[in-house]
Amino acid sequence: MIYLISLVIALGAAGLEAISYPGFVMSHLGVPAYIFYLISILLSLTHKNNFKKLAPAITIIGYTLAISYFILIFGETITYPNFIFSTFHLNPATFQFFIALSWFHILIIRKSDFVRSLLIAIFIFVGVDGAGRTFGIAFKGVRVIMADPFATYEQKMAKAYPGFYPAMQEVKKLTPPDSTVLIPPQGNPWEMEGNAAMVTYFLYPRHVENLYLDKIDDLPQNTYLLIAKGSWPRVGDTDYGWPKVPVASREIWHIDIANQVNNSYKRDYDPISDKWDWGLIEVSNE
Amino acid sequence: MNSFIAIILTSLFFILSGWYLTYLLPLEERLERVGLAFLLGSGLTTWLWFLGCRLGLPLNIPTLLVSAIILVFTGYVLKERFGFVRNKTTLAKLSKTEKYLAITVVTLLILAFLIGSYNPLTVWDSLALYDFRGHAIAMNHSLKDIVDLPYYVSYPLMISLVHSIVYMIAGVSAQGIHAIIFSAFIGILYGRMQHWTNKTYALITCLLVITQSEIFTHATFAYTNLPYLVYLVSGLLYGVLGGKNKSNSQYFLIYSGLFIGLSTWIRSSEIFWILGVMLISWQGVRTKRLFTAVCSIAIIFLIRYSWSSFVISVLLAIDQPDMPRISRFTVEAFSMIIVNALSIAKYAYWNIFLPYIGMWLLTIPMLGVVIVKRNVRVLMLVCAIAMTACMTIVGIMIFSTYFRTWNQIGDSARRMILFVSPLTLIASTYSLYLMGKRGNNEV
């Protein structure tokens, strides 16, 4: 009888936390819900198996709970984080405890021994959650493939890095492999195009270096400067657009990603007039 | 060339390279043999290739073939001298339930491969470090430009060399090979678990491991955490021998050392190879095979040293001091740990305990199994899990003394101990099997 009472209290506590928030029991009763879980688990050692007739019915409840949880987690994975709570007002983390606890007691009532029941209950805790998420991730991956199964690597990269990747491909076409490409300083709004390791990946074997304004004079031969507005939303004091000073140039290119064309000009770069999203300067040191 | 074909060819090459080495172990499962051959082939050919590069040879296809020939020849000689007569390793017949489990496992692995192969390489470190080095090696046939920056030698080269092979045979993206590495591990896992338990338990373990969402996700992109997990856990699996002083135990110990050594050829900064050293020492004493244990540990140190000595030489050449590390327990360091104690506890709770809460909970009933069944294999696995937790906490404490932003890279800490999931799932499934059996039933 004591075991039954503890079981009802523990499942009640787990259920309450599942439909409210983790810590609900603690904030209202001053005792963490885990204490009730633990007491019911320990009291199961005293269980004399008087509820054997209930076994089939509660097993069905156990399976229903586990399958429901799997579907909910799958749903959250393929939609958005917090989908379960915002739609069903159910806290998945504590609902997971509710299911594991239910399964532990179901197995005890089904005459499984203590350690085995505990192992299986935690397997369900780990396995159902993991399976829901994994199948969700796999589903999302397959959905992406099915949307455009024959996309080329370039098309997929352009989708992953819109603007940046096509611009890098153009820079690669316009510069010799042994040249140096100078990029904006690393920081907002040039988080991507100012990241030397990232740009090096796309422009290799060209040498890539960050250029700071105090070093913009006296640039060596075979050097190119990236023109970049800044592909990240501006959050600091630094305004969009780079380079911010005029640069003596042999040739400058406006890389027009939207229309997939390069417009070439044989004149110096002027930051006032050449406010382009992407472009390239071939430095002149004559 | 299509990336699919390049990855399949590279995988076949690795399997062939490591095939003869599998004859030193009396394996029952063909899947395990294939997985073992792949992992040994990929780990050892790239390692020999790198050693050749250190001796001045170029990193190109002919020298790669020489590395593979050395491996095949060594394997052949060892097989002829010490190898087991090959058992009939056939694909086991499966019951209806087992077939469903097997179909689910295979489907998920194929999906991981398709997703990894389809998606472009975009994850930061995989792109800027591992894959970049792969492209640079394929282009230059040397370590030119890689040895110029400390960042590029911050991790060992194995994964980059594997990528470079795919690029040398004109593959476009090498990302899909990470799912193959994972599949090879699943082959080993299935073989080991089938040997210890039965087909159903083996398949359940495989399914549980694959459906850990973080592990599955890692199989679809090109980080090194999953390959590290694969080699480390395989090494521990071959190290946790049951029984006493069996005739073949020395080979298992050697292979354990090989795998754990190769895990340091993927990620060298982690200290979990020490788990392997402790386990092998324990087994050496327990099975009275001290000499084999010493050889096995020597292999770990040899592989580890081959990379660390290279890094030191590179850092000296570019006049770059090594990363600041705590070299001794100073009073300052100890007081910093005391001051940060609460932050360290919070950090460990959010990034080490909570993400793996199910795994830590599983160790509680496993302790019950250790007591009830007195099974040395479960005891070893539980000790390995407990040691992982201790080493991680101590590591965080030490890290907090010299790395200013230590508490801002929780994701990294979580990924670092990704291997605790398969390790715990293996140990607990085996425990569950033991609980359903009379006696110890150790194999």
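Residues numbered from 1 in each chain as written. Chains lettered and ligands numbered in written order. Predicted model: local features only at pLDDT ≥ 70, side-chain atom pairs only at ≥ 80, totals over all residues. Heavy atoms only, no water.

1. Some points on the pairing of strand β6 (residues 278–283) of chain A
Residues and elements named next belong to chain A.
Piece 1. The element β6 is extensively covered by neighbouring structure, given that six of its six residues are classed as buried.
Piece 2. Of the two faces of β6, the one holding W278, L280 and E282 and the one holding G279, I281 and V283 are both buried throughout.
Piece 3. Where strand β3 (residues 223–228) meets β6, five bridges bridge the pair, whose relative direction is antiparallel. For I227, the partnering residue across the bridge sits in β6 and is G279.
Piece 4. Bridge analysis of strand β4 (residues 249–256) against β6 gives five bridges, and the strand direction is antiparallel. (Buried < 20%, exposed > 50% of the residue type's maximum accessible area, 1.4 Å probe, protein only. Helix = DSSP H or I, 4+ residues; strand = E, 2+ residues; numbered from the N terminus. Pairing = 2+ DSSP bridges.)

2. Some words on the side chain of B:S213
Piece 1. Within the secondary structure, B:S213 sits in helix α9 (residues 213–218).
Piece 2. Beyond its immediate chain neighbours, meaning those up to four positions away, B:S213 contacts A:G130, A:R133, A:T134 and A:I137. (Contact = heavy atoms within 4.5 Å.)

3. Some thoughts on the packing of aromatic side chains
Piece 1. On inspection of all chains with the given rule, the structure shows 49 aromatic pairs over all chains.
Piece 2. When the centroid spacing of 5.5 Å and the interplanar angle of 70° are considered together, the rings of B:F4 and B:F113 count as edge-to-face. Highlighted residues: B:F4 in helix α1 (residues 3–18) and B:F113 in helix α4 (residues 96–118), separated in sequence by 109 residues.
Piece 3. For B:F113, a relative accessible area of 13% corresponds to the buried category.
Piece 4. Geometrically, the ring pair formed by B:Y151 and B:Y152 is tilted, given 5.5 Å between the ring centres and 50° between the ring planes.
Piece 5. Taken together, the aromatic side chains of A:Y161, A:F164, A:Y165, A:Y201, A:F202 and A:W278 make up a single cluster linked through ring pairs.
Piece 6. The aromatic ring of B:Y118 is capped on one face by A:K156, whose charged end is 4.1 Å from the ring centroid.
Piece 7. Here the basic side chain of B:K79 rests over the ring of B:Y23, its NZ or CZ set 5.0 Å away from the ring centre. (Phe/Tyr/Trp six-rings, centres within 6.5 Å; stacked < 30°, edge-to-face > 60°. Lys NZ or Arg CZ within 6 Å of the ring centre and 35° of its normal.)

4. Considerations on the interface of chain A and chain B
Piece 1. The partner chain B presents 48 residues to the 39 residues of chain A that form the contact.
Piece 2. Counting the surface lost from both chain A and chain B, the interface buries some 3,600 Å², and carbon and sulfur atoms represent 79% of this.
Piece 3. On the chain A side of the interface with chain B, the three residues burying the most area are A:F123, A:Y201 and A:Y204, jointly 20% of the side's total.
Piece 4. Counting the contacts that link chain A with chain B gives zero salt bridges.
Piece 5. Taken together, the connections running from chain A to chain B amount to ten residue pairs in polar contact (both at pLDDT 80 or more).
Piece 6. Of all the elements in the fold, those that place two or more residues in the side of chain A that touches chain B are α7 (114–147), α8 (153–160) and α10 (196–203) of chain A.
Piece 7. The greatest single-element share of the side of chain A that touches chain B, amounting to 21 residues, is contributed by α7(A).
Piece 8. When grouped by side-chain class, the residues that make up the side of chain A that touches chain B number 28 nonpolar, six polar and five charged. (Buried area = accessible area lost by both parts, 1.4 Å probe. Salt bridge = Lys/Arg side-chain N within 4 Å of Asp/Glu carboxyl O. Polar contact = N/O pair within 3.5 Å; in protein donor to acceptor, adjacent residues only side chain to side chain. Nonpolar A, V, L, I, M, F, W, Y, C, P; charged D, E, K, R; others polar.)

5. A look at the domain arrangement of chain B
All names here are of chain B.
Piece 1. The domain architecture assigned to chain B consists of domain 1 (3–86 + 94–319) and domain 2 (324–443).
Piece 2. When each unit is reduced to the centre of its C-alpha atoms, the spacing between domain 1 and domain 2 is 23 Å.
Piece 3. Counting from both sides, the interface comprises 38 residues of domain 1 and, opposite them, 30 residues of domain 2.
Piece 4. When domain 1 packs against domain 2, close to 3,100 Å² is buried across both sides, 79% of that on carbon and sulfur atoms.
Piece 5. Viewed at the interface, domain 2 and domain 1 are joined by one salt bridge.
Piece 6. Residue R414 pairs with E214 through a salt bridge whose shortest N-O separation is 3.0 Å. (Domains from an automatic or database assignment.)

6. So, the confidence of the model for chain B
Piece 1. For chain B, the average pLDDT comes to 91, and 93% of its residues sit at 70 or higher.
Piece 2. Overall fold confidence for the complex sits at a pTM of 0.94, while the interface term, ipTM, reaches 0.92. (pLDDT = per-residue confidence, 0-100.)

7. Examining the nonpolar core
Piece 1. Within the largest apolar cluster, 239 residues are counted, with the highest numbers of intra-cluster contacts made by A:F202, A:L225, B:F182, B:I186, B:W265 and B:F419.
Piece 2. Sort the elements by how many residues they give to this core and helix α7 (residues 177–196) of chain B lands first, with 13 residues.
Piece 3. When residues of this core are sorted by domain, at least three fall in each of domain 1 (3–86 + 94–319) and domain 2 (324–443) of chain B.
Piece 4. Once residues lying within four places of it in the same chain are set aside, the contact partners of B:W265 are B:G43, B:T46, B:W47, B:F50, B:P156, B:L157, B:M158, B:L161, B:I303 and B:W307. (Core = buried A, V, L, I, M, F, W, Y, C linked by side-chain atoms within 4.5 Å.)

8. A few points about the sheet that holds strand β1 (residues 180–183) of chain A
Residues and elements named next belong to chain A.
Piece 1. The six strands lie next to each other as β2-β1-β3-β6-β4-β5, forming an open sheet whose pairing is mixed. Either end of the sheet is taken by a strand with one partner, and the two such strands are β2 (207–210) and β5 (261–265). Each strand axis lies, on average, 25° off the axis of its neighbour in the sheet, ignoring direction.
Piece 2. The strands that α10 touches are β1 and β2; relative to β2, the one it contacts most, it runs at about 155°. (Axes fitted to C-alpha atoms, helices over the stretch in contact; angles between N-to-C directions.)

9. Section: the packing of helix α16 (residues 357–373) of chain B against helix α19 (residues 420–435) of chain B
All names here are of chain B.
Piece 1. At their nearest, the axes of α16 and α19 sit 9 Å apart, and the two run at 40° to each other. Where α16 crosses over α19, the handedness of that crossing is left-handed. Together, M359, W360, L362, M366, V369 and K373 of α16 and V420, S421, T424, L425, A427, S428, S431, L434 and M435 of α19 make up the contact between the two elements.
Piece 2. A breakdown of the residues in the contact of α16 with α19 according to their chemical character gives ten nonpolar, four polar and one charged. (Left-handed = near helix turned anticlockwise from the far one by under 90°.)

10. Things to note about the pattern of salt bridges
Residue and element names in this part refer to chain A.
Piece 1. Taken as a whole and assessed by the stated rule, the structure comprises twelve salt bridges over all chains.
Piece 2. The residue K173 makes a salt bridge to E170 at a minimum N-O spacing of 3.2 Å. With K173 and E170 both in helix α9 (residues 164–174), this residue pair falls three residues apart, about one helical turn.
Piece 3. Its relative accessible area of 64% is what places K173 among the exposed residues.
Piece 4. By relative accessible area, which is 19% here, E170 ends up buried.
Piece 5. Between E251 and K266 there is a salt bridge, and its shortest N-O distance comes to 3.3 Å. Residue E251 is located in strand β4, and its partner K266 is located in the loop between β5 and β6; the two are separated by 15 residues in the primary sequence.
Piece 6. Taking the relative accessible area as the measure of exposure, K266 reaches 68% and is therefore exposed.

11. Digging into the packing of helix α12 (residues 273–286) of chain B against helix α17 (residues 376–402) of chain B
Residue and element names in this part refer to chain B.
Piece 1. Between α12 and α17, the shortest axis-to-axis distance is 10 Å and the interhelical angle comes to 150°. By the angle between their axes, α12 is roughly antiparallel relative to α17. Helix-helix and strand crossings are classified by hand; for α12 and α17 the assignment is right-handed. For the pair α12 and α17, contact is made by I274, L275, M278, L279, W282, Q283 and R286 and by V376, L379, M380, C383, A384, M387, T388 and M391, respectively. (Parallel < 35°, antiparallel > 145°, perpendicular 65-115°, else oblique.)

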